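Secondary and tertiary structure notes
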Amino acid sequence: MPRMRRLVPYPGGQMELGLHTVIMGVVNVTPDSFSDGGRFYGVDQAVQQGLQLAAEGAAILDIGGESTRPGSDPVSASEEIDRVIPVIEQLAAKCDALISIDTNKADVAKAAMKAGAHIINDITALLGDEDMARAAAETGAALVLMHMKGTPRTMQQDPVYDDVVAEVARFLKQQAEAAIAAGVAPEKIIVDPGIGFGKTVEHNLSLIANLAKLAELGYPVLLGASRKSFIGTLTGKPVEDRLWGTLGVHVVGAALGADIVRVHDVAPLKDALVMSDAIVAAEAH
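Residues numbered from 1 in each chain as written. Predicted model: local features only at pLDDT ≥ 70, side-chain atom pairs only at ≥ 80, totals over all residues. Heavy atoms only, no water.

**Remarks on the overall build of the protein**
The following threshold applies: Starting at the N terminus, helices and strands are each numbered in turn, a helix being any DSSP run of H or I of at least four residues and a strand any DSSP run of E of at least two. Atoms counted for the radius of gyration: C-alpha only. Globule rule: 2.2 Å times residue count to the power 0.38. Working rule for contacts: check all heavy atoms of both residues, and any pair within 4.5 Å makes them a contact. Accessible surface is estimated by sampling points in the Shrake-Rupley manner with a 1.4 Å probe; for residues, cover comes only from the protein chains shown. Positive: Lys, Arg. Negative: Asp, Glu. His and the chain ends are not part of the count. One atom stands in for each charge, and that atom is NZ of Lys, CZ of Arg, CG of Asp or CD of Glu.
Looking only at helices and strands, the protein features 10 helices and 10 strands. Taking 19 Å as the expected radius of gyration for a compact globule of 285 residues, we find that the protein reaches 17 Å, a close match to that expectation. Principal-axis analysis of the C-alpha atoms places the extent of the protein at approximately 45 × 40 × 40 Å. Taking the contacts inside the protein whose residues are at least 6 apart along the sequence as the reference set, 69% of them involve residues at least 24 apart. For the protein, the exposed surface amounts to about 11,800 Å²; the carbon and sulfur share of it is 53%. With 24 positive and 36 negative side-chain charges, the protein shows a separation of 1 Å between the mean positions of the two kinds.

Here you go:
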């Protein structure tokens with residue numbers, strides 16, 4: 001599916017979407033991430049990982065200081081700030097990739113933007129902190145709004161939908177309108193269906209297959225399914241062996257309308273997307 005060319009403003013510039021799929025690389029500054037087991041918990045390790053992902057082709061680095069794996073507990077804003085700010089400061093100074101702060105706390109988002117971030121990636125789509133929309137508006141950040149059913153602690157406890165695509169689209173539309181009402185420019189908003197966040201395998205597959213319907217909301221779409229459990233369910237592979245399944249999901253997702261893909265493994269996906277983007281572009285002519 002051909003994507004629409006868009007310019008997404010952020011403090012100091014704008015990100016061009018639509019010409020090719022943009023890769024967001026994941027940098028977890030947490031001791032208990034589901035995907036990398038805290039391997040990049042230290043500041044130096046996290047910075048090196050971010051620089052490596054940028055060198056491999058990540059145009060955005062998504063820095064997170066709180067695990068959102070199923071069953072995880074929240075951490076305080078002050079602890080989250082202590083984890084992420086030194087990493088953001090160094091990465092902003094050492095590479096050209098845009099910096100995204102993966103948080104649902106307004107205080108963390110504001111500190112991150114002050115430290116050099118460009119994007120706020122809120123997995124609660126403003127519901128985790130009533131001040132988040134205002135923080136996004138005041139800092140000028142680009143804003144990712146993600147759908148999640150429940151909380152990380154509860155989200156995988158038998159999630160049920162009547163129509164998962166319609167319900168997720170309705171929620172994202174509602175939260176985008178709330179952000180706009182708070183002063184966020186519409187062109188700064190990106191939506192994310194929240195693969196694996198309160199969804200069964202069938203829900204995840206349906207959302208990916210129907211990314212074009214989410215794109216009809218009028219906002220760029222971010223897809224993040226890297227190493228997630230539904231890939232393990234379908235392939236029978238443990239989290240450390242889900243690269244090939246992850247590639248399959250994101251290549252197809254990009255062809256179906258995802259503007260940005262959020263992944264842990266950038267280099268192999270970069271080459272795969274060069275080819276899939278070229279095929280989609282050829283189809284459009």
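**Observations concerning the nonpolar core**
The following threshold applies: The nonpolar core is taken to be a set of buried Ala, Val, Leu, Ile, Met, Phe, Trp, Tyr and Cys residues, with the residues joined through side-chain atoms within 4.5 Å. Between buried and exposed lies partly exposed: a residue is buried under 20% and exposed over 50% of the maximum accessible area for its type, with that area taken using a 1.4 Å probe on protein chains only.
Counting 67 residues, the largest nonpolar core has L61, I63, I88 and I120 as the members making the most contacts within it. The greatest single-element share of this core, amounting to eight residues, is contributed by helix α5 (residues 164-181). In contact with I120, other than residues within four places in its own chain, are I101, A109, M113, M132, A136, T139, A141, A142, L143 and V144. Ranked by size, the runner-up nonpolar core spans 14 residues in total, among them L17, V22, L98 and V144.

**A short note on empty space enclosed by the protein**
For clarity, the cut-off: Definitions used throughout: a 1 Å grid over protein atoms alone; a cavity as a set of points that fits a 1.4 Å probe which cannot get out; a pocket as an open set with protein on both sides within 12 Å along at least five of seven lines; a lining residue as one with an atom within 4 Å of a point. Grid points are joined across faces, edges and corners, and a volume is the space filled by probe spheres set on the points. Under this grouping Gly is polar, as are all residues other than the nonpolar Ala, Val, Leu, Ile, Met, Phe, Trp, Tyr, Cys and Pro and the charged Asp, Glu, Lys and Arg.
Per the stated rule, a full pass over the model turns up one cavity of 30 Å³ or more. Counted as a void, the largest cavity has a volume near 40 Å³. Taken together, E66, T68, D102, T103, N104 and I123 make up the full set of residues lining the largest cavity. Across the lining of the largest cavity, the residue classes break down as one nonpolar, three polar and two charged.

**Regarding the sheet that holds strand β9 (residues 222-223)**
The test is simple: Pairing between two strands requires that DSSP report at least two bridges joining them.
Overall, parallel pairing links the eight strands, which are arranged β8-β7-β6-β5-β4-β3-β10-β9 in an open sheet. Edge positions in the sheet fall to β8 (189-192) and β9, since each has one partner strand and no second.

**A short note on the pattern of salt bridges**
What counts, and what does not: Salt bridge, as applied in this entry: a Lys or Arg side-chain nitrogen positioned within 4 Å of an Asp or Glu carboxyl oxygen.
Under the criterion given, the structure shown has 10 salt bridges. In this structure, D62 and R262 form a salt bridge, with 2.8 Å as the shortest nitrogen-oxygen distance. Of this pair, D62 sits in strand β4 (residues 60-64) while R262 is found in strand β10 (residues 260-263), placing the two residues 200 residues apart along the sequence. The two residues D62 and R262 agree in class, both being buried. A salt bridge links K110 to D107; its shortest N-O distance comes to 3.9 Å. Highlighted residues: K110 and D107, both in helix α3 (residues 106-115), separated by three residues, approximately one helical turn. Taking the relative accessible area as the measure of exposure, D107 reaches 47% and is therefore partly exposed. Several salt bridges share partner residues, and in doing so they unite D62, D102 and R262 into one network.

**Details of the pairing of strand β7 (residues 142-146)**
Along β7, five of the five residues are buried, which leaves the element largely enclosed by surrounding structure. Of the two faces of β7, the one lined by A142, V144 and M146 and the one lined by L143 and L145 are each fully buried. Pairing between strand β6 (residues 119-122) and β7: four bridges, direction parallel. For I120, the partnering residue across the bridge sits in β7 and is L143.

**Some remarks on the packing of helix α2 (residues 77-94) against α3**
The test is simple: Axis definition: a line fitted to C-alpha atoms, limited for helices to the stretch in contact. Angles are taken between N-to-C directions and run from 0 to 180 degrees. Convention used here: angles under 35 degrees read as roughly parallel, angles over 145 as roughly antiparallel, angles from 65 to 115 as roughly perpendicular, and any remaining angle as oblique. With the far helix as reference, a near helix turned anticlockwise by less than a right angle produces a left-handed crossing, and one turned clockwise produces a right-handed crossing.
It is the contact of α2 with α3, at a shortest axis distance of 9 Å, that shows an interaxial angle of 20°. Relative to α3, the element α2 is oriented roughly parallel. For α2 against α3, the interelement crossing comes out right-handed. Only D107, V108, A111, A112 and A115 of α3 make contact with α2, whose side of the interface consists of A77, E80, I81, V84, I85, I88, E89 and A92. Among the residues making up the contact of α2 with α3, the classes are represented as 10 nonpolar, no polar and three charged.

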